[in-house]
Amino acid sequence: MANQDFPLIFEHSKPGRTSFSLPELDVPEVDVAELINDVYIRKTAPELPEVSELEIVRHYTGLSRRNYGVDSGFYPLGSCTMKYNPKINEDVIRLDGFSHIHPYQDTSTVQGALEVMYDLQCSLAEITGMDEVSLQPAAGAHGEWTGLMMIRAFHEANDDFNRTKVIVPDSAHGTNPASATVAGFQAVTVKSNERGLVDLEDLKRVVGDDTAALMLTNPNTLGLFEEEILEMAKIVHEAGGRLYYDGANLNAIMGYTRPGDMGFDVVHLNLHKTFTGPHGGGGPGSGPVGVSKELAKFLPKPILKKNQNSFVFDYDRPNSIGRVKPYYGNFGINVRAYTYIRTMGAEGLKKVSEYAVLNANYMMRSLQDEYVLPYPQHCKHEFVLSGKTQKKLGVRTLDIAKRLLDFGYHPPTIYFPLNVEEAMMIEPTETESKETLDGFINTMLDIANETKVNPEIVQEAPYTTIVKRMDETTAARKPILRYKK
Amino acid sequence: MEFRYLPMTKEDKQEMLEKVGVSRTEDLFSDIPKQVRLNRHLNLQKPTSESQLMKELTKKANKNVNVKTHTSFLGAGVYDHYIPSIVDHTISRSEFYTAYTPYQPEISQGELQAIFEFQTMICELTSMDVANSSMYDGPTALAEAANLSAAQTKRKKILVSKTVHPESIEVIHSYAKGQGIEVVEVDHKDGITDINALENELNDDIASVIIQYPNFFGQIEPLEKVQQLVADKKTMFIVSSNPLALGYLTPPGEFGADIVVGDTQVFGIPSQFGGPHCGYFATTKKLMRKTPGRLVGQTVDEDGRRGFVLTLQAREQHIRRDKATSNICSNQALNALASSVAMSSLGKQGIKQMAWLNMQKAHYAKRRFQEKGMEVVFSGSLFNELVINVKFSVTDLNKALLEKGFIGGFDLERVDKNYSGYMLVAITEIRTKEEIDVFVEEVGAHIG
Ligand SMILES: Cc1ncc(COP(=O)(O)O)c(C=O)c1O
């Protein structure tokens, strides 16, 4: 990695230096100050950096070298599906006819774009087994909230205003309960049983005529398939609730089973996981929602439809929950997902899931002797280990994660899900070779050994990174959130 | 069939199956109940080779009129601006674009520092204390701001000026529904928020007042007057602002805004049919711990070296779950990076120059329209957009303009039947005098 002391772009700034290249004024100049009330003319210039173009390039190249992506190395970050992001996707979205179209152009001038969107909607409906899909939500959490708002609209349309609760498993991702709150519901927790699956007895206990929905990830965040899904669907449906599917984990089941066939009423997908949208250091993503027939009329508007010979937006949707995002969603990410689906086809997508699951099981069985495996059944695309044994030796999961950095790996997701002590959530994905998996397995076993013979090595890691462990406490106690001269 | 993204060989697979202790991968799916197994192939198009797919998608892309094939005067929230070449080169570095959220600071200093710099630039432009690492887009950032104001003031009613972008207003309504917040839209007068109407609606039930600056019609809203109305009240002042305009206009922070949001699409992000763009969210120190989304803070490592981390995470969904300040998780980090590069490129001088050029060109266009005898509808000060009344179907006019190589302005009738014949025209720094002249001529010629 790059050198250790790395200035901020502002610290390169020198008055008078520029990097911009704006056109000359080619119209007769007016005195703008005359046209605007003086109160609204800015008096103090914003302190943006004054730097040359090469300085900017070096700065960001330097920053990129202080960063780690899938292209840098193995990234088994559970729940995030850090698979390879194909390069053709990047080329396709950069075509002028995709990247430089305006959302308010007449639809007759953007039929190529609408066709891609429409085909993507249809493909996602087929993959999930849902009836209709909207591409509007910007990310997973946004899709969750959109889905819950539709479920709310559904109950209200039935004059049922008492369904105030959304049930989420204790293993659920944090966005699930948070989305429930933003949609105006109260989140209630259903416990997992000793097999890591939703406890049906507890579900029966919490479900009732105040249940709006059950939000479920299947396979769940432990990487385990909820085998009693049909029973669960029955319990929730009989109580009048609706079933919500968090599709962040779809990578495990494509072509094997579909949320729609499992009885789910609403689904969101993370196109920036299963469908290779690059994560971009935190976004942008895309979180389309799919629904059953019953809920279709509540979809956000507009809806993209196919007429005789053309694609059009339908705004006339009186039951719609309204607009959840300006324009039509994160088109740029949707085009990438479409390119991926077309590359793989049905056969390829099924193989994706096959290898995602095989790779995870291979890794799990290779590590289970040294790390506690709380749930012994086959996993799907990811699995969760517990660092309990290591903790007794004074080495915490955080330490193991930091030690992995020294070997050039991105660590797994840690301390999530919350129902596993010292959790390490590992998702290898299907795009990794056996050599890569073996390399990581060996490193994990080496670290387990270090923990036994020389725990300080692990406790004090990392050694090879450009910075060591950060003082996060001070960062939160005395926040410095911006540069000041 | 073999797939280039799937590296396992037959031998690999065999060895792995042995380790797992099953004979076929199918066995790993035995936990999926029979009744829900898919017993057919998904009905999708066949796998397509790279060259074939590129050819096909290029053809689809070429069907779309775009701002490279045509000269665009369309804005209404999404603008055709100069994008420095270095922007795409930077965001194409895969250490950035193939990374996840920077959870491991030791190997994510690049992204973390880039976000810290973005936060700083947004604070500078808006004159606010704190900015987060980005939101989905301007309108959802605005809706989150509205929700925050209700939570903060414990009030359930907000006032939104009708000069705010109509799609923002729609998104505010959708979000407000979840929180049981009442949204009251305040009329405008001559394209500017009606201050008297606003004053009449203001009372102790109002959580916040939302103004867009410059507004949807391109007019510069009198923030000072709104500030005077809400001063000394618990009611919060929320401003949605085109950040480019703040290169020339007094920033909302100087008018006592509590929250300033907007979209940085104007800095280095292509229109790409409306998304992804990049929302920003800036606020005061007081509201720092209520801010939605991720925040990066500066700190030191064990050896005292400066570094950056995600901080104040106790606000966020992964820690606070149902008590979080927002449900947002993924944001628009890569686009925030694009905007940072564009803002660095413009710098302190360039941002003002670019904003000024927009105003110059818009005023020139205004004069040209007037000289042609066309009515420029609103009389207030404008930034880079204006409304003309062509007394003609704007949709039909745009069809004709398309033939002449132009993407015409926004048909305001789409948002209000009373605006029949009103076209919202955007003129940015990259429109030349000649393009403006010809456009005005063509509009004039068609409406007779
Ligand atoms: C299981 C699960 N649900 C939901 C989400 C939220 O998705 P997003 O970050 O796109 O909002 C994630 C992503 O971290 C996830 O892993």
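Residues numbered from 1 in each chain as written. Chains lettered and ligands numbered in written order. Predicted model: local features only at pLDDT ≥ 70, side-chain atom pairs only at ≥ 80, totals over all residues. Heavy atoms only, no water.

**Description of the environment of A:Asp38**
All names here are of chain A. As a reminder, the rule being used: Helix and strand definitions follow DSSP, with helices as H or I runs of at least four residues and strands as E runs of at least two, each counted in order from the N terminus. Three exposure classes are used, based on accessible area relative to the maximum for each residue type with a 1.4 Å probe and protein chains only: buried under 20%, partly exposed in between, and exposed over 50%.
Along the chain, Asp-38 falls in the loop between α1 (32-35) and α2 (53-65). The class for Asp-38 is partly exposed, based on a relative accessible area of 49%. For the pair Asp-38 and Arg-65, spaced 27 residues apart in sequence, the C-alpha to C-alpha distance is 46 Å.

**Points about the domain arrangement of chain B**
All names here are of chain B. Quick reminder of the rule: Boundaries between domains were set according to an automatic or database domain assignment. Two residues form a contact once any of their heavy atoms are found within 4.5 Å. Buried area: the accessible area, evaluated with a 1.4 Å probe, that two parts lose upon being put together, summed over both parts. Think of a salt bridge as a Lys or Arg side-chain nitrogen and an Asp or Glu carboxyl oxygen that are within 4 Å of each other. Whenever two N or O atoms come within 3.5 Å, that pair is a polar contact, provided that in protein one can donate a hydrogen and the other can accept it, and provided that, for residues adjacent in sequence, both atoms are side-chain atoms.
Splitting chain B by domain gives domain 1 (71-82 + 347-447) and domain 2 (85-343). Between domain 1 and domain 2, the C-alpha centre-to-centre distance is 27 Å. Each partner contributes residues to the interface: domain 1 has 28 residues there, and domain 2 has 23 residues. Together domain 1 and domain 2 conceal approximately 2,200 Å² of surface at their shared face, both sides included; 67% is due to carbon and sulfur atoms. Summed over the three residues of domain 1 that lose the most area to domain 2, namely Ile-351, Phe-378 and Phe-383, the buried surface amounts to 26% of that side. On inspection of domain 1 and its partner domain 2, the count reaches zero salt bridges. The tally of links from domain 1 across to domain 2 stands at eight residue pairs in polar contact (both at pLDDT 80 or more).

**Concerning the state of the cysteines**
To be explicit about the condition: The term disulfide is used for any two cysteine sulfur atoms that are within 2.5 Å.
The final tally for this structure, using the stated rule, is zero disulfides over all chains. The closest cysteine sulfur to the non-disulfide-bonded B:Cys329 is located on A:Cys80, 7.7 Å from its own sulfur.

**Comments concerning the pattern of salt bridges**
All names here are of chain A. Enumeration according to the criterion identifies 63 salt bridges over all chains in this entry. Notably, a salt bridge pairs Arg-94 with Glu-90, separated by 3.0 Å at the nearest N-O pair. The partner of Glu-126 in a salt bridge is Arg-258, with the nearest N and O atoms 3.5 Å apart. Of this pair, Glu-126 sits in helix α5 (residues 111-128) while Arg-258 sits in the loop between β5 (242-247) and α10 (259-262); the two residues are 132 residues apart in sequence, bridging distant segments of the chain.

**A few points about the UniProt feature "domain: Glycine cleavage system P-protein N-terminal" (unreviewed entry) in chain B**
We count it as follows: UniProt positions are given in the numbering used here, feature names are shortened, and annotations may be inferred rather than shown by experiment.
Sites flagged by UniProt as "domain: Glycine cleavage system P-protein N-terminal" (unreviewed entry) map to residues 4-440 of chain B. In the segment residues 4-440 of chain B, helix accounts for 36% and strand for 16%; the C-alpha atoms at its two ends are 52 Å apart.

**What to know about the confidence of the model for chain B**
We apply this condition: Here pLDDT means the predictor's own confidence in every residue, given as a number from 0 to 100.
Mean pLDDT over chain B works out to 97, with 100% of the residues at or above the 70 mark. The complex model carries a pTM of 0.98, and its ipTM stands at 0.98.

**Comments concerning the UniProt feature "modified residue: N6-(pyridoxal phosphate)lysine" (unreviewed entry) in chain A**
On the UniProt side, "modified residue: N6-(pyridoxal phosphate)lysine" (unreviewed entry) is annotated at positions that read A:Lys273 here. Its location among the elements puts A:Lys273 in the loop between β6 (266-269) and β7 (289-291). Classification of A:Lys273 by relative accessible area gives buried; the value is 6%. The contact partners of A:Lys273, leaving out residues within four places of it in the chain, are A:Ser79, A:Cys80, A:Thr81, A:Lys83, A:Ala248, A:His279 and B:Tyr100.

**Remarks on the pairing of strand β10 (residues 279-283) of chain B**
Residues and elements named next belong to chain B. The cut-off we apply is this: DSSP-based pairing: two strands are paired if at least 2 bridges between them are found.
The buried fraction of β10 is high, at five of five residues. Residues Gly-279, Phe-281 and Thr-283 of β10 are buried on one face, and the alternating residues Tyr-280 and Ala-282, pointing to the opposite face, are buried as well. Bridge count for strand β2 (residues 130-131) against β10 is two bridges, and the pairing is antiparallel. By the bridge assignment, Val-130 is partnered in β10 with Thr-283. Pairing of strand β9 (residues 259-263) with β10, which is carried by five bridges, proceeds in the antiparallel orientation. Considered in β10, the bridge of Val-260 is made with Ala-282.

**Focus: the nonpolar core**
A general feature of soluble globular proteins is that nonpolar side chains tend to end up buried together. Here is the rule we go by: In this description, a nonpolar core means a group of buried Ala, Val, Leu, Ile, Met, Phe, Trp, Tyr and Cys residues linked to one another through side-chain atoms lying within 4.5 Å.
Residues A:Phe98, A:Leu203, A:Phe275 and B:Phe273 are the most contacted members of the largest nonpolar core, which totals 130 residues. Element by element, the count of residues in this core is highest for helix α12 (residues 331-367) of chain A, at 19 residues. In this view, A:Phe275 contacts A:Leu124, A:Ile127, A:Leu250, A:Met254, A:Leu269, A:Asn270, A:Arg336, A:Ala337, A:Tyr340 and A:Ile341; residues no more than four positions away in its chain are not counted. Judged by nonpolar contacts, the second largest core, of 83 residues, contains A:Tyr40, A:Ile41, B:Ile122 and B:Val296.

**Some points on the sheet that holds strand β4 (residues 182-186) of chain B**
Residues and elements named next belong to chain B. What counts, and what does not: To get an axis, fit a line to the C-alpha atoms, keeping to the stretch in contact for a helix; angles then go from 0 to 180 degrees between the N-to-C directions.
The mixed open sheet is built from seven strands, whose spatial order is β2-β10-β9-β8-β7-β3-β4. Each having just a single partner strand, β2 and β4 make up the two edges of the open sheet. By the bridge criterion, four bridges tie strand β3 (residues 157-161) to strand β7 (residues 206-213) in an arrangement that is parallel. Residue pairing across strands places Lys-157 opposite Ile-206, the latter belonging to β7. Sitting on the sheet, helix α7 (residues 166-179) is in contact with β3, β4 and β7, with an inclination near 160° to β4.

**A word on the sheet that holds β5(A)**
Residue and element names in this part refer to chain A. Pairing in this open sheet of seven strands is mixed, and the strands run β1-β7-β6-β5-β4-β2-β3 from one edge to the other. In the strand order of this sheet, the two ends are held by β1 (132-134) and β3 (186-190), each with one partner. For this sheet the average axis-to-axis angle between neighbouring strands, irrespective of direction, equals 25°. The pairing of strand β2 (residues 165-169) with strand β4 (residues 211-216) spans three bridges and is classified as parallel.

**Here we look at the environment of B:Thr101**
Along the chain, B:Thr101 turns up in the loop between α4 (94-97) and α5 (109-126). When the C-alpha atoms of B:Thr101 and B:Asn331 are compared, they prove to be 9.1 Å apart, with 230 residues separating the residues in sequence. Setting aside residues no more than four positions away along its own chain, B:Thr101 makes contact with A:Gly281, A:Gly282, B:Arg294 and B:Leu310. One polar contact links B:Thr101 to B:Arg294, side chain to side chain, over a distance of 3.0 Å.

**Description of the packing of α12(A) against helix α2 (residues 50-62) of chain B**
For the record, the criterion: Crossings are classed by handedness, with left-handed meaning an anticlockwise turn of the near helix from the far one by less than a right angle and right-handed meaning a clockwise turn. Each residue gets one label: Ala, Val, Leu, Ile, Met, Phe, Trp, Tyr, Cys and Pro are nonpolar, Asp, Glu, Lys and Arg are charged, and the others, such as Gly, are polar.
Their axes nearest at 11 Å, the elements α12(A) and α2(B) cross at an angle of 145°. Crossing of α12(A) against α2(B): the hand is right-handed. Together, A:Tyr338, A:Thr339, A:Arg342 and A:Thr343 of α12(A) and B:Leu53, B:Glu56, B:Leu57 and B:Lys60 of α2(B) make up the contact between the two elements. Within the contact of α12(A) with α2(B), the residues separate by chemical class into three nonpolar, two polar and three charged.

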